[in-house]
Amino acid sequence: MSDTTTLGDRLKLLRHERSMTRGELADRSGVNTDVIEKLEHGRRQTARVTWLMRLAGALRTELSGLLGGARHEDGAVRDAVTAPESTPGMDPDDAGEDPDLGELRHAVDGAWRAYWSGDLPRVATRLPGLIGETRLAYHGLGTRAASPLADAHHLAARLLSSLGETDLAALAAQEAIQAAESGDDPLRWTALHGSYCSALLHQNLIRLCEDHAVRIAEDTEPPLGAAELRRLTVWGNLILTAMAAAGTTTRAGAVSDYVGLARSAAGRFDREHLDYHVRFGPSEVAMHATHAYTLLREPGLALQAAGTVRREDLPRAMYGRHLLDVAQAQAQLMDLRAAESTLQEAESLSRRSFCDHGPAYALVGELVEEMAHVSPDLRRMAREVALEG
């Protein structure tokens with residue numbers, strides 16, 4: 001199926017391939033026949049994400065098969081965040097029909113799973129429609145829809161940070177916090193402040209990031225020995241964000257204090273936890289400590305911390321980014337061949353983040369400059385990060 005065809009063309013072709021009438025597809029998907037007919041005839045160009053997911057399920061295909069795998073437009077995510085009055089994927093005829101809240105939560109969670117797997121194009125494709133539909137749900141259902149609205153904007157903040165849109169990431173995080181304030185779960189509100197602080201860090205507002213993270217952490221600090229683990233996850237994530245800020249400003253004493261606090265909290269965990277779409281656990285703490293010690297140019301401590309990271313605890317792309325810190329520490333110790341080998345592993349795990357990641361650019365350049373013999377693999381990596389033509 002050509003990626004140049006419209007959604008309606010793909011829908012019609014898939015329906016014919018399954019030998020289904022519009023009525024049969026409507027019965028199996030729960031999507032109104034009128035919507036299907038308008039899509040196929042080009043009288044509407046899109047539909048709610050939850051409806052598209054139903055249609056894809058009824059047609060026994062992935063949502064990407066229905067959408068055609070076309071390249072996403074980052075601008076659509078930006079527009080969805082900056083235009084609160086817009087409802088991407090909606091049609092005037094949809095007015096008055098509230099989304100199914102359970103179905104919408106499931107769709108938002110699915111987009112988060114794609115994010116943690118490193119599939120950013122899939123996230124960017126789905127997210128504008130999800131933001132629009134969660135807004136519609138909130139307008140129709142009120143505070144019952146606060147959590148999916150907050151989670152959709154939270155995901156937008158994470159995605160926009162990954163795309164280098166730091167100002168918009170902070171705006172999306174603020175909108176997520178505002179949505180959570182109207183809900184009935186204060187832990188979600190606290191977790192979102194951690195992501196807001198991360199956005200501040202990416203804006204290079206380092207002390208503001210650290211001060212805000214510490215203030216929220218102090219206001220919500222649980223008893224480490226007795227708190228439920230999800231409270232420790234949210235609180236610990238704030239401490240890790242403050243640690244990253246302290247590492248950026250090369251304040252060794254502060255980093256040491258944050259590492260101690262985070263390790264004390266993580267001692268309650270036997271595995272990583274993901275609560276409110278933030279992560280915390282022993283490997284997460286060790287990964288952040290590796291990063292902070294690398295920034296402090298303490299390669300021995302960095303590699304010691306990295307030695308306690310369990311690869312299976314981290315998403316593939318996240319572990320790939322962690323290996324960039326490991327390679328940096330190895331380079332600081334002048335173990336250049338080990339650094340090159342680690343870079344190759346990082347590239348194999350997360351090619352996109354390797355090519356887009358500033359530290360990879362700097363580190364490959366350093367190795368090319370320092371090594372007497374540049375291997376073919378290192379020369380290829382240099383081309384990948386645009387150091388060589």
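- Taking an unreviewed UniProt entry as the reference, the chain is identified by name as Helix-turn-helix domain-containing protein belonging to Actinoallomurus acaciae.

**Remarks on the packing of aromatic side chains**
Aromatic rings in a pair are described by how distant their centres are and how their planes are angled relative to each other.
Step number 1: Under the criterion given, the structure shown has four aromatic pairs.
Step number 2: A ring pair is formed by Tyr115 and Trp116, whose centres lie 5.2 Å apart and whose planes are at 75°; its orientation type is edge-to-face. The exposure classification of Tyr115 matches that of Trp116, with both residues buried.
Step number 3: Ring centres of Phe269 and Phe280 lie 5.5 Å apart, and the angle between their planes is 75°; this geometry places the pair in the edge-to-face category. Placement of the pair is Phe269 in the loop between helix H14 (252-266) and strand S1 (273-275) and Phe280 in strand S2 (residues 278-280), with a sequence separation of 11 residues.
Step number 4: Residue Phe280 is classed as buried on the basis of its relative accessible area of 0%.

**Here's the deal with the nonpolar core**
Step number 1: Formed by 106 residues in total, the largest nonpolar core has its most connected members in Leu127, Met243, Val255, Leu343, Phe354 and Leu367.
Step number 2: At 10 residues, the largest contribution of residues to this core is made by helix H13 (residues 229-248).
Step number 3: By size, the runner-up hydrophobic cluster in this structure holds 19 residues, among which are Leu7, Leu52, Leu55 and Leu66.

**Some words on the packing of H14 against helix H15 (residues 282-295)**
Step number 1: The N-to-C vectors of H14 and H15 enclose an angle of 170°; their axes lie 9 Å apart at closest approach. As summarised for this structure, H14 and H15 are arranged roughly antiparallel, according to the angle between their axes. Every residue of H15 that contacts H14 at Val255, Val259, Ala262, Arg263 and Ala266 is listed here: Pro282, Val285, Ala289, Ala292 and Tyr293.
Step number 2: Of the residues assigned to the contact of H14 with H15, the class counts are nine nonpolar, no polar and one charged.

**Points about the UniProt feature "domain: HTH cro/C1-type" (unreviewed entry) in the chain**
Step number 1: Under the UniProt annotation, the feature "domain: HTH cro/C1-type" (unreviewed entry) is placed at residues 11-66.
Step number 2: Within residues 11-66, the helical portion is 66% and the strand portion 0%, while the C-alpha atoms at the span's ends are 6 Å from each other.

**With respect to the environment of Leu66**
Step number 1: Residue position: Leu66 is located in helix H5 (residues 63-67).
Step number 2: The buried category is assigned to Leu66, whose relative accessible area is 0%.
Step number 3: Along the primary structure Leu66 and Leu127 are separated by 61 residues, whereas in three dimensions their C-alpha atoms are 16 Å apart.
Step number 4: Residues in contact with Leu66, not counting those within four places in the same chain, are Leu7, Arg10, Leu11, Leu14, Leu52, Leu55, Ala56, Leu59 and Thr61.

**Quick look at the pattern of salt bridges**
Step number 1: What the rule picks out here adds up to 20 salt bridges.
Step number 2: For Glu40, the salt bridge goes to Arg22, with nearest N and O atoms at 2.8 Å. With Glu40 in helix H3 (residues 33-40) and Arg22 in helix H2 (residues 22-29), the pair connects residues that are 18 residues apart, well separated along the chain.
Step number 3: Residue Glu40 is classed as buried on the basis of its relative accessible area, which comes to 7%.
Step number 4: Here Arg22 falls in the partly exposed class, since its relative accessible area comes to 22%.
Step number 5: Between Glu228 and Arg230 there is a salt bridge; the shortest N-O distance is 3.2 Å.

**Remarks on H15**
Step number 1: The first and last C-alpha atoms of H15 sit 20 Å apart over 14 residues, in line with the 20 Å expected at 1.5 Å per residue.
Step number 2: Among the 14 residues of H15, 10 are classified as buried, and the element is accordingly described as predominantly covered.
Step number 3: Of all the positions in H15, only Ser283, Glu284, Val285, Ala286, Met287, Ala289, Thr290, Ala292, Tyr293 and Thr294 are classed as buried.
Step number 4: The inward-facing, buried residues of H15 contact H13, H14, S2, helix H16 (299-306) and helix H17 (316-332).
Step number 5: Phi turns positive one or two residues past the end of H15, at Arg297, with a value near 55°.

**Digging into the side chain of Gln328**
Step number 1: Position of Gln328 among the secondary structure elements: in helix H17.
Step number 2: A relative accessible area of 17% places Gln328 in the buried class.
Step number 3: Among residues more than four places away in sequence, those in contact with Gln328 are Thr294, Leu363 and Glu366.

**As for unusual backbone geometry**
Step number 1: We note that Asn204 has phi near 70°; this positive angle belongs to a residue other than glycine.
Step number 2: Within the secondary structure layout, Asn204 lies in the loop between helix H11 (186-202) and helix H12 (206-220).
Step number 3: With relative accessibility at 56%, the residue Asn204 sits in the exposed group.
Step number 4: Positive phi values are uncommon outside glycine, yet Tyr276 reaches one of about 55°.
Step number 5: Within the secondary structure, Tyr276 sits in the loop between S1 and S2.

Each value, and the rule that gives it
- Residues numbered from 1 in each chain as written.
- Predicted model: local features only at pLDDT ≥ 70, side-chain atom pairs only at ≥ 80, totals over all residues.
- Heavy atoms only, no water.
- Phe/Tyr/Trp six-rings, centres within 6.5 Å; stacked < 30°, edge-to-face > 60°.
- Buried < 20%, exposed > 50% of the residue type's maximum accessible area, 1.4 Å probe, protein only.
- Helix = DSSP H or I, 4+ residues; strand = E, 2+ residues; numbered from the N terminus.
- Core = buried A, V, L, I, M, F, W, Y, C linked by side-chain atoms within 4.5 Å.
- Axes fitted to C-alpha atoms, helices over the stretch in contact; angles between N-to-C directions.
- Parallel < 35°, antiparallel > 145°, perpendicular 65-115°, else oblique.
- Contact = heavy atoms within 4.5 Å.
- Nonpolar A, V, L, I, M, F, W, Y, C, P; charged D, E, K, R; others polar.
- UniProt positions renumbered as here; feature names shortened; annotations may be inferred.
- Salt bridge = Lys/Arg side-chain N within 4 Å of Asp/Glu carboxyl O.
- Expected span 1.5 Å × (residues − 1).

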